[in-house]
Number of protein chains: 2
Amino acid sequence: MLKPAKYAELYLDYAAGTPVAPEILEAMLPYFGNEYHNPSSMHAGGRKAHRVLDEARAAIAGMINAESDEIIFTGSGTESANLAIIGAARAAKAKGNHVIISSVEHKAVLEAAKSLTKEGFEVTCLPVDRYGMIDPGTLISHLRDETILVSVIYANNEIGTVVPIQELSAKIADACINRKRPVFHTDACQAISYLDVDVRALGVDLMTFNSAKVGGPTGVAALYKRRDVRLSPLMYGGEQEQLLRPGTEALPLLKGFAHALKIARSLRAKEVDRLLELRQYFIHELENRIPGLIVNGHPTAVLPNVVHVTIPGIEGEAMLLMLDEHGIAVSTGSACSAFDLRPSHVLSAIGQESDLIHGSIRFSFGRDTDKEKLEYVLHVFPAIVARLRSISSVTTHAYEKQPR
Amino acid sequence: MLKPAKYAELYLDYAAGTPVAPEILEAMLPYFGNEYHNPSSMHAGGRKAHRVLDEARAAIAGMINAESDEIIFTGSGTESANLAIIGAARAAKAKGNHVIISSVEHKAVLEAAKSLTKEGFEVTCLPVDRYGMIDPGTLISHLRDETILVSVIYANNEIGTVVPIQELSAKIADACINRKRPVFHTDACQAISYLDVDVRALGVDLMTFNSAKVGGPTGVAALYKRRDVRLSPLMYGGEQEQLLRPGTEALPLLKGFAHALKIARSLRAKEVDRLLELRQYFIHELENRIPGLIVNGHPTAVLPNVVHVTIPGIEGEAMLLMLDEHGIAVSTGSACSAFDLRPSHVLSAIGQESDLIHGSIRFSFGRDTDKEKLEYVLHVFPAIVARLRSISSVTTHAYEKQPR
């Protein structure tokens with residue numbers, strides 16, 4: 001019934017990880033070899049390594065309208081988010097014990113905040129609407145005198161919904177005219193390739209972003225920290241990163257991160273337009289070809305590269321594995337929880353019913369995604385859905401006959 | 001007076017960082033490019049990445065006689081040490097609040113332990129003798145019923161002294177026949193290329209070691225954790241590394257780490273013999289050519305690749321910079337504190353007097369170090385010392401006339 005795989009791999013899982021392009025790898029290579037020196041060493045090689053580190057830091061700071069001393073390098077997006085959440089909460093403990101996060105945060109923020117409850121903090125999880133959107137009024141209504149930290153994900157890593165961070169920060173500032181403003185953190189890991197990330201314009205105090213999600217190597221990330229925000233470190237040792245993240249800096253990775261981010265930001269406008277058009281076409285055709293298909297995420301405020309759909313009556317894992325047999329790589333949601341069989345907390349938060357919640361697939365596009373590849377998916381995927389429906393224990397008849 | 005630099009760079013700072021050899025880089029490259037998948041992804045690429053991760057973990061476990069599930073990958077030696085110290089202490093807090101470390105630990109252990117005092121722990125810093133050696137009897141005498149953690153560095157990163165870890169663990173076990181044994185951690189970052197690191201034979205519960213110090217890439221490290229030792233994580237998020245270190249695994253780095261460690265361990269016996277011979281020759285010639293020179297570290301229980309000397313009356317920084325002008329890269333001690341002008345805590349711990357403590361240089365050898373290169377250093381360094389002595393404000397006359 002189905003044609004064999006046309007592609008050795010048609011990768012549509014860019015939100016889980018991106019390859020390091022040859023030109024980025026090229027920029028990294030010298031720092032593994034002749035230029036491998038420890039930036040903390042005092043000899044010529046060490047001093048040169050320190051200059052390279054400074055340059056990468058300044059370049060990255062410039063791309064988000066920050067100063068060099070506002071960039072803290074870490075080992076992963078998870079670490080940046082933990083340093084933001086746990087670090088800011090512990091540092092402000094004398095001022096209050098209340099933390100607000102959204103219910104659709106990445107697990108790094110969610111679990112870090114959850115860990116704070118064991119240290120005497122109270123954590124409010126903001127509800128979202130069916131699109132995964134936060135209502136600014138609801139956020140403001142939960143602010144208390146003791147609220148020291150608010151964290152909201154900029155663009156959701158599962159369903160792609162984009163939250164108006166600038167509006168939220170402005171409303172928080174307005175609401176806090178007569179009291180101390182809480183520290184405002186946003187997780188911009190998925191946002192940074194496609195959205196405005198000027199930290200001054202956004203009005204954020206802390207922003208997490210990482211290398212692996214912008215086409216750079218895994219193993220390095222950054223935390224933007226507005227100069228006068230105080231953090232407690234998660235670990236201790238040498239004097240690197242203003243004592244907030246000790247350990248020898250991984251120069252080749254930092255070089256790759258800076259280079260990849262530069263390319264991603266320079267291609268941004270063009271890629272947003274191109275991917276939005278592809279996304280619109282792909283969704284339109286999926287809806288035409290798959291009766292009953294539900295597209296998740298906000299209809300307009302959404303990442304251009306994420307298409308998250310639910311197919312009633314079918315298991316997401318089954319679709320994933322059959323797509324995989326045809327060379328198409330996707331995920332059911334966040335890779336970080338791929339083998340966790342509990343329903344996605346994001347889909348629970350948007351109120352997806354329990355008979356639908358296991359039937360989701362996330363297609364995420366990247367620089368190599370083009371119409372021809374999507375045509376292949378549009379050819380293969382509806383047939384997979386039809387086949388799974390025919391063998392499904394759930395009655396799927398209703399969907400097939402459903403008028404459009 | 002001095003010849004110009006013969007070498008563009010004669011690197012004798014291997015203890016601060018090692019280049020990634022071409023064959024190791026070669027092993028890493030595929031995982032930046034085509035094989036870049038997230039090991040948590042469920043599709044074929046993700047499953048393959050997970051197998052590569054499993055293989056790297058099994059290979060590394062095998063090299064220290066551990067099981068795969070006893071290896072926790074982290075982002076740096078500093079992170080491994082922090083996870084060991086802070087993680088083990090927090091997890092055992094209900095059992096006791098006393099921690100013992102040596103006074104010559106790396107800053108990662110020292111500062112992590114110091115941070116525990118803010119959480120209600122009491123930390124005992126064991127004294128060492130003038131060679132940096134720990135007396136087992138002294139350690140045992142500090143054990144209490146409330147002692148939950150002991151941490152001793154295997155081979156000192158500044159002066160190279162090697163501590164008999166196996167003897168210490170056996171004596172701790174003997175002393176704890178009628179009570180709960182504390183968790184025993186050793187920092188083996190400098191030791192692992194040259195010493196026995198069979199964790200069962202050593203009798204350790206936790207062992208820190210990293211990639212950058214064995215010729216692998218910076219940005220990845222491991223913590224050996226005996227299966228039934230409990231740790232609290234430093235950060236939270238996805239389910240990687242048994243929930244002890246969340247975040248996407250950096251596959252190319254892990255592959256490079258495993259490959260570099262394999263090479264280092266396979267060359268170990270040969271390199272130990274070769275470097276010990278070079279070390280002996282180098283020290284003998286330095287003593288002959290530089291009156292008053294003091295060799296630090298234990299006379300026999302010492303790393304084969306570290307030569308740490310004190311030259312009375314001269315600043316270490318001045319020697320370092322003049323050596324640097326001749327193309328010779330060394331350090332004054334730990335790179336992690338190179339720009340910290342306070343005296344080294346290791347030299348303070350071995351009782352070095354304050355007029356000597358600033359006059360130290362660490363030469364650390366590696367695979368490319370050979371007799372010819374050392375001959376050049378032996379030619380250049382005594383002349384630098386003589387020149388610095390001639391312009392020094394300290395009276396150096398006494399050293400020059402000193403009988404040998």
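All values reported here derive from a predicted model rather than from experimental measurement.

Caption draft 1: Inspection of the domain arrangement of chain A at higher detail. Residue and element names in this part refer to chain A. Domain assignment breaks chain A into domain 1 (10-19 + 269-399) and domain 2 (22-266). On a C-alpha basis, the centroid separation for the pair domain 1 and domain 2 is 28 Å. Contacts between domain 1 and domain 2 engage 34 residues on the former and 31 residues on the latter. In this assembly, domain 1 packs against domain 2 so that about 2,500 Å² is buried in total across both faces, 57% of it on carbon and sulfur atoms. It is Leu303, His345 and Ile350 that lose the most area in domain 1 upon contact with domain 2, and together they represent 22% of the buried surface on that side. The tally of links between domain 1 and domain 2 comes to 0 salt bridges. Listed by contribution, the elements that provide at least two residues to the side of domain 1 that touches domain 2 are helix 8 (251-289), strand 10 (306-310) and helix 10 (345-349). Here the residues of the side of domain 1 that touches domain 2 are counted per class, giving 17 nonpolar, 12 polar and 5 charged.

Caption draft 2: Quick peek at helix 9 (residues 316-325) of chain A. Among the residues making up helix 9 of chain A, those that are buried are A:Gly316, A:Met319, A:Leu320, A:Met322, A:Leu323 and A:Asp324. Those residues of helix 9 of chain A that are buried are in contact with strand 11 (328-329), strand 12 (360-364) and helix 11 (371-391) of chain A together with helix 2 (44-63) of chain B. Looking one or two places after helix 9 of chain A, you find A:Gly327, whose phi comes out positive at around 80 degrees.

Caption draft 3: Representation of the packing of aromatic side chains. On inspection of all chains with the given rule, the structure shows 16 aromatic pairs over all chains. Look at A:Phe363 and A:Phe381: their rings are 5.4 Å apart centre to centre, the planes differ by 80 degrees, and that puts the pair in the edge-to-face class. Of this pair, A:Phe363 sits in strand 12 while A:Phe381 sits in helix 11, and the two are 18 residues apart along the sequence. Both residues of the pair, A:Phe363 and A:Phe381, belong to the buried class. With centroids separated by 5.7 Å and ring planes inclined at 75 degrees, the aromatic side chains of B:Phe282 and B:Phe365 adopt a geometry described as edge-to-face. Placement of the pair is B:Phe282 in helix 8 (residues 251-289) and B:Phe365 in the loop between strand 12 (360-364) and helix 11 (371-391), with a sequence separation of 83 residues. Aromatic rings pair up to connect A:Phe282, A:Phe363, A:Phe365 and A:Phe381 into one cluster.

Caption draft 4: Spatial organisation of the pairing of strand 6 (residues 183-187) of chain B. All names here are of chain B. In terms of residue burial, strand 6 counts as a mostly covered element, since 5 of its 5 residues are buried. Residues Val183, His185 and Asp187 of strand 6 are buried on one face, and the alternating residues Phe184 and Thr186, pointing to the opposite face, are buried as well. Following the chain from strand 5 (residues 147-153) across helix 6 (residues 165-175) to the adjacent parallel strand 6, one finds a crossover that is right-handed. In this structure, strand 6 lies alongside strand 7 (residues 206-210), joined through 3 bridges in parallel fashion.

Caption draft 5: Up close: the interface of chain B and chain A. Listed as interface residues are 63 residues of chain B and, on the opposing side, 63 residues of chain A. Of all residues in chain B, the largest losses of buried area upon contact with chain A belong to B:Phe32, B:Met42 and B:Tyr236, amounting jointly to 15% of the total for that side. Remark: the boundary between chain B and chain A carries 4 salt bridges. A salt bridge links B:Glu239 to A:Lys107, with the shortest nitrogen-to-oxygen separation between them at 3.7 Å. For the interface between chain B and chain A, the tally reads 16 residue pairs in polar contact (both at pLDDT 80 or more). Elements with a minimum of two residues in the side of chain B that touches chain A: helix 1 (22-28), helix 2, helix 3 (77-91), helix 4 (107-116) and helix 9 (316-325) of chain B. For the side of chain B that touches chain A, the class distribution of residues is 29 nonpolar, 19 polar and 15 charged.

Caption draft 6: Spotlight on the pattern of salt bridges. All names here are of chain B. By the definition in use, this model includes 38 salt bridges over all chains. Among the salt bridges present, the one from lysine 6 reaches glutamate 372, with a minimum N-O distance of 3.8 Å. Linking lysine 6 in the segment before strand 1 (10-11) with glutamate 372 in helix 11, this pair joins segments that are 366 residues apart in sequence. A relative accessible area of 52% means that lysine 6 is categorised as exposed. With a shortest N-O distance of 2.9 Å, glutamate 285 and arginine 289 are connected by a salt bridge. With glutamate 285 and arginine 289 both in helix 8 and 4 residues apart, this pair spans about one turn of that helix. Judged by its relative accessible area of 14%, glutamate 285 falls in the buried class. Residue arginine 289 is classed as partly exposed on the basis of its relative accessible area, which comes to 35%.

Caption draft 7: Representation of the environment of A:Val104. Residues and elements named next belong to chain A. Considering the arrangement of structural elements, one finds valine 104 in the loop between strand 3 (98-102) and helix 4 (107-116). Taking the relative accessible area as the measure of exposure, valine 104 reaches 2% and is therefore buried. Valine 104 has contacts with Val128, Gly132, Ile153, Asn156, His345, Val346 and Ala349, leaving out every residue within four places of it along the chain.

Caption draft 8: Structural view of the sheet that holds strand 7 (residues 206-210) of chain A. Residue and element names in this part refer to chain A. Ordered in space as 2-8-7-6-5-3-4, the 7 strands form an open sheet in which the pairing is mixed. At either end of the open sheet lies a strand with only one pairing partner, and these are strand 2 (71-74) and strand 4 (122-126). Each adjacent strand pair in this sheet contributes to an overall mean axis angle of 20 degrees, direction not counted. Pairing analysis gives 5 bridges linking strand 5 (residues 147-153) to strand 6 (residues 183-187), with the strands arranged parallel. Each residue of the ladder has a partner; that of leucine 149, found in strand 6, is valine 183. On the sheet, helix 6 (residues 165-175) packs against strand 5 and strand 6 and is oriented at approximately 170 degrees with respect to strand 6.

Parameters and conventions
Residues numbered from 1 in each chain as written. Chains lettered and ligands numbered in written order. Predicted model: local features only at pLDDT ≥ 70, side-chain atom pairs only at ≥ 80, totals over all residues. Heavy atoms only, no water. Domains from an automatic or database assignment. Contact = heavy atoms within 4.5 Å. Buried area = accessible area lost by both parts, 1.4 Å probe. Salt bridge = Lys/Arg side-chain N within 4 Å of Asp/Glu carboxyl O. Helix = DSSP H or I, 4+ residues; strand = E, 2+ residues; numbered from the N terminus. Nonpolar A, V, L, I, M, F, W, Y, C, P; charged D, E, K, R; others polar. Buried < 20%, exposed > 50% of the residue type's maximum accessible area, 1.4 Å probe, protein only. Phe/Tyr/Trp six-rings, centres within 6.5 Å; stacked < 30°, edge-to-face > 60°. Right-handed = clockwise from strand over helix to strand, strands pointing away. Pairing = 2+ DSSP bridges. Polar contact = N/O pair within 3.5 Å; in protein donor to acceptor, adjacent residues only side chain to side chain. Axes fitted to C-alpha atoms, helices over the stretch in contact; angles between N-to-C directions.

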